[in-house]
Amino acid sequence: MMRAPRRVALATLLLLLGACAEAPLPDAPAVTPDALAAHGEHFEEAVITVAPSLHVAVGFGIANSILIEGDEGAIIVDTLESLDAARRVAAAFAEISDLPVKAIVYTHSHPDHVQGASAFIKEGTEVPVYAHADVAANMDRVASELQPVITRRSLRMYGAGLPENERSNLGIGGFLALTPNAEVGTLRPTHTLTDRLTVTLAGIDMELVHAPGETDDQIFVWLPQHRALLPADNLYKAFPNLYTLRGTRFRDAKRWAGSLDAMRALAPEHLLPSHGQPISGAHTVQALLTDYRDAIRFVHDQTLRRINAGQSPDRIAAELRLPPHLAASPYLQPFYGTPAWAARALFQGELGWFGGNISELNPLPPAEQGRRWVEVAGGRDALLAHARKALADHDPQWALELTDPLLAADAVDADTLALRAEAASRLGAAETNPNARHYYLSQAREWRGEWTAPERIVNPTPAMLAAMPLATFFDGMAVALDADAALETHAALVFDFTDAPAHTLIVRRGVAEWRRDDQAPGVPVVSRTEVSAQVFKEMLAQLRSPAVTVASDFKMSEGNRLDLIRFLRLFVPLDTED
């Protein structure tokens, strides 16, 4: 008698098991606006001493800064988002210790961890700065290629344009310590690691371990003498931001959970996160790390399970629920990320943009879709009437969605914007996730003409610009090229920098290329100019007037100044639409 193939037996077993109806997980406990308000107590300003030589500054901005005292000096881990906030922390640390700072550690590249570094060292002195090898490049990429959109979306998400009575805590911090034209003092990393680095600083043994999670360049810090773990942003008192509203590259949930497994294996006694209050007690810390890891793996595994069943990202986001014991954890409340946002990001990260519905393959342009939906609805007035009824029926989400076709068709007027603003205000008032709450309320103020999200809020110092590679600035120019205006342009501009090697910027029929030399093979050189690289950087960073700088600091060796100006005018960002 022949044995049935094993795969057939397994398929039969699965079919039998499938005959039992799968019970959906119960909904998570309700989170209320009052619970969000109470969450703010976690970020009250204080310096918390975990052990005689370990101190955590909480509540001075969105992130923490950590002071580690050694025999020969002190170490600072993470430096907040602005010089103003960092100076206040440095003053608070000075009341505890007069030891000189011997090193700075960045746990990752996010601005709220690196932008206050220079506040912790005496002017004119230098200290080593430790970080993952990708930190500098990631700081530069956001600053050059995506600064306008990340700035606008971040300020909406953090409620920077809201009055005090509309702002809540930020879920992982009390407030964003950045005001218009804020000063920052980022120091470039001087010592980097790719996997693991064991080092003794100021008499303190430390292990710096690559731990991808909220960012790919994240590290955690292990202090074996204290059995203290600094997990960076891979754990905080909120459901993790596997996706953030300000926009981010894919955050790999599986690797994030793996990083937490590496932390669990250390059996730490103390946990000093980069957001919120520290935690002590080996059992408590181990349980928290395990729950956090399990929540991430649950969302990852169950999202992929549903993806394999052919479910759409919208359906997965609507139906995914944490197990009750995880949903009830005070460290997994949706005060920063949410399982629904995580599920959408996982779908996109694992499968890309196509959700499986063939109508998505070649959709009508948004403006045409909007025009046709308005027509189907019976015209603009009929659509607005339905939206007003939705508001009257206490359904602001439907009111927003009903006016989306008008937005797409560029048929929005003052009445439509007022209606959308009212819908957004109602959604924001009821929202318990601070990122979503602030985004709703910020958009409402923008639609009412009460606030405009800026594209820039911080001013880099000349010293910071000097340390940034020229590649950062040319990459920024490339994404600002007006391709339509440059379709007939085939030309090059050579920069003979007086304080750096020459660079060549080429425009080839709508595409930009830059080279680290003065060569432009097969491309006519329209202009050749001498200028200081530092002056060039300061002009692009808006520390200098472009018109005045081009007129006074650019010396022409080939071509004329008018050709130079025409060429540079091709690099103009699009007008903001969001």
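Residues numbered from 1 in each chain as written. Predicted model: local features only at pLDDT ≥ 70, side-chain atom pairs only at ≥ 80, totals over all residues. Heavy atoms only, no water.

## Re the overall build of the protein
Then, in step 1: Counting its secondary structure elements, the protein contains 21 helices and 20 strands.
Then, in step 2: In terms of overall size, the protein behaves like a compact globule, its C-alpha atoms giving a radius of gyration of 27 Å where 578 residues would be expected to give roughly 25 Å.
Then, in step 3: Its C-alpha atoms put the protein at 85 × 75 × 70 Å along the principal axes.
Then, in step 4: Burial analysis of the protein (578 residues in total) assigns 49% to the buried set.
Then, in step 5: The contacts in the protein between residues at least 6 apart in sequence include a share of 69% that link residues at least 24 apart.
Then, in step 6: In the structure as shown, the protein presents an accessible area of about 27,300 Å², 53% of it carried by carbon and sulfur atoms.
Then, in step 7: Here the protein holds 51 positive side-chain charges and 72 negative ones, and the gap between their average locations is 5 Å. (Helix = DSSP H or I, 4+ residues; strand = E, 2+ residues; numbered from the N terminus. Rg over C-alpha atoms; globule rule 2.2 N^0.38 Å. Buried < 20%, exposed > 50% of the residue type's maximum accessible area, 1.4 Å probe, protein only. Contact = heavy atoms within 4.5 Å. Areas by Shrake-Rupley, 256 points an atom, 1.4 Å probe, with all protein chains shown as cover. Lys, Arg positive; Asp, Glu negative; His and termini not counted. Charge placed at Lys NZ, Arg CZ, Asp CG, Glu CD.)

## Things to note about the nonpolar core
Then, in step 1: Phe239, Leu260, Leu271, Leu289, Ile296, Val299 and Leu322 are the most contacted members of the largest nonpolar core, which totals 61 residues.
Then, in step 2: Listed by contribution, the elements that provide at least two residues to this core are α6 (147-157), β11 (219-223), α7 (253-264), α8 (282-308), α10 (324-327), α11 (339-351) and α16 (434-447).
Then, in step 3: Among the elements that make up this core, the one with the highest residue count is α8 (9 residues).
Then, in step 4: Beyond its immediate stretch of four places on either side in the chain, Leu289 contacts Leu229, Leu235, Leu260, Met263, Arg264, Pro268 and Leu271.
Then, in step 5: Listed in part, the 28 residues of the second largest apolar core include Ala57, Leu80, Ala92 and Ala177. (Core = buried A, V, L, I, M, F, W, Y, C linked by side-chain atoms within 4.5 Å.)

## Examining the confidence of the model for the protein
Then, in step 1: Of the residues in the protein, 95% reach a pLDDT of 70 or more, and the chain-wide mean stands at 93.
Then, in step 2: This stretch, residues 1-23, has a pLDDT under 50; its non-local contacts, to residues over four places away or in other chains, come to 1 contact. (pLDDT = per-residue confidence, 0-100.)

## Some remarks on the packing of helix α13 (residues 380-392) against helix α14 (residues 396-408)
Then, in step 1: With their axes 7 Å apart at the nearest point, α13 and α14 run at an angle of 165 degrees to one another. In terms of axis orientation, α13 runs roughly antiparallel to α14. Taken as a pair, α13 and α14 cross one another with a handedness that is left-handed. Between α13 and α14, the residues in contact are Arg380, Leu383, Leu384, His386, Ala387, Ala390 and Leu391 and Pro396, Trp398, Ala399, Leu402, Thr403, Pro405 and Leu406, respectively.
Then, in step 2: Split into classes, the residues belonging to the contact of α13 with α14 amount to 11 nonpolar, 2 polar and 1 charged. (Axes fitted to C-alpha atoms, helices over the stretch in contact; angles between N-to-C directions. Parallel < 35°, antiparallel > 145°, perpendicular 65-115°, else oblique. Left-handed = near helix turned anticlockwise from the far one by under 90°. Nonpolar A, V, L, I, M, F, W, Y, C, P; charged D, E, K, R; others polar.)

## Remarks on the pairing of strand β9 (residues 196-201)
Then, in step 1: As paired strands, β9 and strand β10 (residues 204-210) are joined by 6 bridges and run antiparallel to one another. In the sheet register, Thr200 faces β10, and the bridge partner there is Asp205.
Then, in step 2: Hairpin connection from β9 to β10: 2 residues lie between these consecutive antiparallel strands, with Ala202 at a positive phi of about 55 degrees. (Pairing = 2+ DSSP bridges.)

## Looking at the sheet that holds strand β12 (residues 228-230)
Then, in step 1: Strand order in this open sheet of 6 strands is β9-β10-β11-β12-β13-β14, and the pairing throughout is mixed. Across the chains shown, the open sheet's two edge strands, defined by having one partner strand only, are β9 and β14 (279-280).

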